[in-house]
Amino acid sequence: MNKRFGITLFLVLFLAVNSFAQSQKSLWTIEAKNPDNYVGAPIASGKIGIVPWKEPFSVQHVMLNHVFDIGDAGVNQALQGINPFHLELFLNKQKIEMSSIKQWKQSLDLKKATHTTSFIIPGKAEVRYTITALRNLPYSGLIEVEVKALDQIQMQCFNQMDIPNSYIDVKKRLVEANVGLDGGKEMILQAEALSAQKAHKVVYNSVSYN
């Protein structure tokens, strides 16, 4: 029987009016201000591991802890999960990329197990986002995005899924769900796929909150 694992992404987007609060320096925090010679620092919940990267909103991959499948060499290997953290931010219809940002900074909070990136798009906005592998929802992750407008801007945010090529029988769907007592609706992006040897079924859900 296939074992079933689900990965959920919660995206929280804030439009900040005031300047960002400055966090007090702590011995628990490691900070980088230069993306040269970059090596990603993973965050994990005990069930999933997330490896953020230097490019804006980039996550290199998601690993499933204690979930194994037979690899190309015929030996068991840890299963790479569906990556639901593929975000793209557009300001004035221009995609935010490494070449368009200044004052890049990342910090890893070892106590809270959070990974925070901040940067400035000159003349347009200040951006900060935090990625967390949630401890209370072991197969879930959270991205909190804060955008402070420096001028009048048009903003678009897109979330896509990244499914490793080794997965088979991939299915995708968009589900509408009732949210709250006021009859509000939320669209949930779902995907499911079997691992290469059909030992596991991995399910992905993406929910956005504004």
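Asks: How do you make sense of the overall build of the protein when you look at a structure like this?
Replies: Scanning the protein from terminus to terminus reveals zero helices and 16 strands. Long-range contacts, defined here as pairs at least 24 residues apart, represent 57% of the contacts in the protein between residues at least 6 apart. Summing over all exposed atoms, the protein offers an accessible surface of approximately 12,300 Å²; the carbon and sulfur share of this is 50%.

Asks: Any chance you could explain the pattern of salt bridges here in plain terms?
Replies: Pairing between side chains becomes possible if they bear opposite charge and their charged atoms approach one another. Scanning all chains against the criterion turns up five salt bridges. Here glutamate 31 makes a salt bridge to lysine 33, at a shortest N to O gap of 3.7 Å. Judged by its relative accessible area of 62%, lysine 33 falls in the exposed class. A salt bridge links arginine 173 to glutamate 192, with the shortest nitrogen-to-oxygen separation between them at 3.7 Å. Taken together, the residues arginine 173 in strand E14 (residues 168–179) and glutamate 192 in strand E15 (residues 184–194) connect sequence positions 19 residues apart. Overall, the relative accessible area of 10% leaves glutamate 192 in the buried class. What you see here is one network of salt bridges that share partners, running through Arg173, Glu192 and Lys201.

Asks: What is the right way to look at a nonpolar patch on the surface in this model?
Replies: On the surface, a nonpolar cluster with roughly 320 Å² of combined accessible area is contributed by Trp28, Ile30 and Leu110. Within the secondary structure layout, isoleucine 30 lies in strand E2 (residues 29–32).

Asks: Honestly, the pairing of strand E5 (residues 59–70) in this entry has me stumped. Any pointers?
Replies: The side chains of a regular strand alternate between the sheet's two faces. Examined bridge by bridge, strand E4 (residues 48–52) and E5 share five bridges and lie antiparallel to one another. Among the inter-strand pairings, glycine 49 is bridged to a residue of E5, identified as methionine 63. In this structure, the hairpin formed by E4 and E5 is closed by a connection of six residues, where phenylalanine 57 is found at a positive phi of approximately 65°. Bridge count for E5 against strand E6 (residues 76–81) is five bridges, and the pairing is antiparallel.

Asks: Honestly, the nonpolar core in this entry has me stumped. Any pointers?
Replies: Grouped burial of nonpolar side chains is what soluble globular proteins tend to show. If you look at the biggest cluster of nonpolar residues, it comprises 36 residues, and the most contacted ones within it are Ile50, Phe57, Phe119 and Ile121. Among the elements that make up this core, the one with the highest residue count is strand E11 (residues 125–133) (five residues). Filtering out sequence-adjacent residues up to four positions away, phenylalanine 57 remains in contact with Phe85, Leu87, Leu89, Phe119, Val127, Tyr129 and Val145.

Asks: I would appreciate a short explanation of the sheet that holds strand E7 (residues 83–91) in the present structure.
Replies: Pairing between sheet strands relies on hydrogen bonds along the backbone, with the strands arranged either parallel or antiparallel. Strand order across the open sheet formed by three strands is E8-E7-E13, with antiparallel pairing between neighbours. The open sheet has two edge strands, strand E8 (94–95) and strand E13 (155–162), and neither has a second partner. Both E7 and E8 contribute to a ladder of two bridges, which runs antiparallel. Bridged to leucine 91 within E8 is glutamine 94.

Asks: In this structure, what is going on with the environment of serine 45? I would like to understand it.
Replies: On the secondary structure map, serine 45 appears in the loop between strand E3 (43–44) and E4. The spatial distance from the C-alpha of serine 45 to the C-alpha of alanine 133 is 5.3 Å, given a sequence separation of 88 residues. Ignoring sequence-local partners within four residues, the contact set of serine 45 consists of Ala133, Leu134, Arg135 and Pro138. At 3.4 Å, the side chain of serine 45 forms a polar contact with the backbone nitrogen of lysine 47.

Asks: Which parts of the structure should I look at to understand the sheet that holds E6?
Replies: Taken together, the four strands give an open sheet; going across it, the order is E3-E4-E5-E6, and neighbouring strands pair in antiparallel fashion. If you trace the sheet from one side to the other, it starts and ends with E3 and E6, each paired once.

Asks: I would appreciate a short explanation of the confidence of the model for the protein in the present structure.
Replies: Interpretation of the predicted coordinates at a detailed level should be avoided for regions scoring low in pLDDT. The share of residues in the protein with pLDDT of 70 or more is 85%, and the mean pLDDT across the chain is 84. The least confident element of the protein is strand E1 (residues 3–15), whose mean pLDDT is 56; the most confident is strand E10 (residues 114–121), at 96. Below a pLDDT of 50 lies the segment residues 16–23, which in the model reaches 12 contacts outside its immediate sequence neighbourhood of four places, other chains included.

Asks: Please clarify how the pairing of E10 should be interpreted in this entry.
Replies: Among the eight residues of E10, eight are classified as buried, and the element is accordingly described as predominantly covered. Neither face of E10 is open: one carries Thr114, Thr116, Ser118 and Ile120, the other His115, Thr117, Phe119 and Ile121, and all of them are buried. Counting the residues that bridge the hairpin from strand E9 (residues 102–109) to E10 gives four residues, and of these alanine 113 lies at a positive phi of roughly 55°. Sheet topology places E10 next to E11; eight bridges connect them, and they run antiparallel. Counted as the bridge partner of phenylalanine 119 is valine 127 from E11.

Rules and cut-offs
Residues numbered from 1 in each chain as written. Predicted model: local features only at pLDDT ≥ 70, side-chain atom pairs only at ≥ 80, totals over all residues. Heavy atoms only, no water. Helix = DSSP H or I, 4+ residues; strand = E, 2+ residues; numbered from the N terminus. Contact = heavy atoms within 4.5 Å. Areas by Shrake-Rupley, 256 points an atom, 1.4 Å probe, with all protein chains shown as cover. Salt bridge = Lys/Arg side-chain N within 4 Å of Asp/Glu carboxyl O. Buried < 20%, exposed > 50% of the residue type's maximum accessible area, 1.4 Å probe, protein only. Patch = residues over 30% accessible without salt bridge, like charges linked within 9 Å, V, L, I, M, F, W, Y side chains within 5 Å. Pairing = 2+ DSSP bridges. Core = buried A, V, L, I, M, F, W, Y, C linked by side-chain atoms within 4.5 Å. Polar contact = N/O pair within 3.5 Å; in protein donor to acceptor, adjacent residues only side chain to side chain. pLDDT = per-residue confidence, 0-100.

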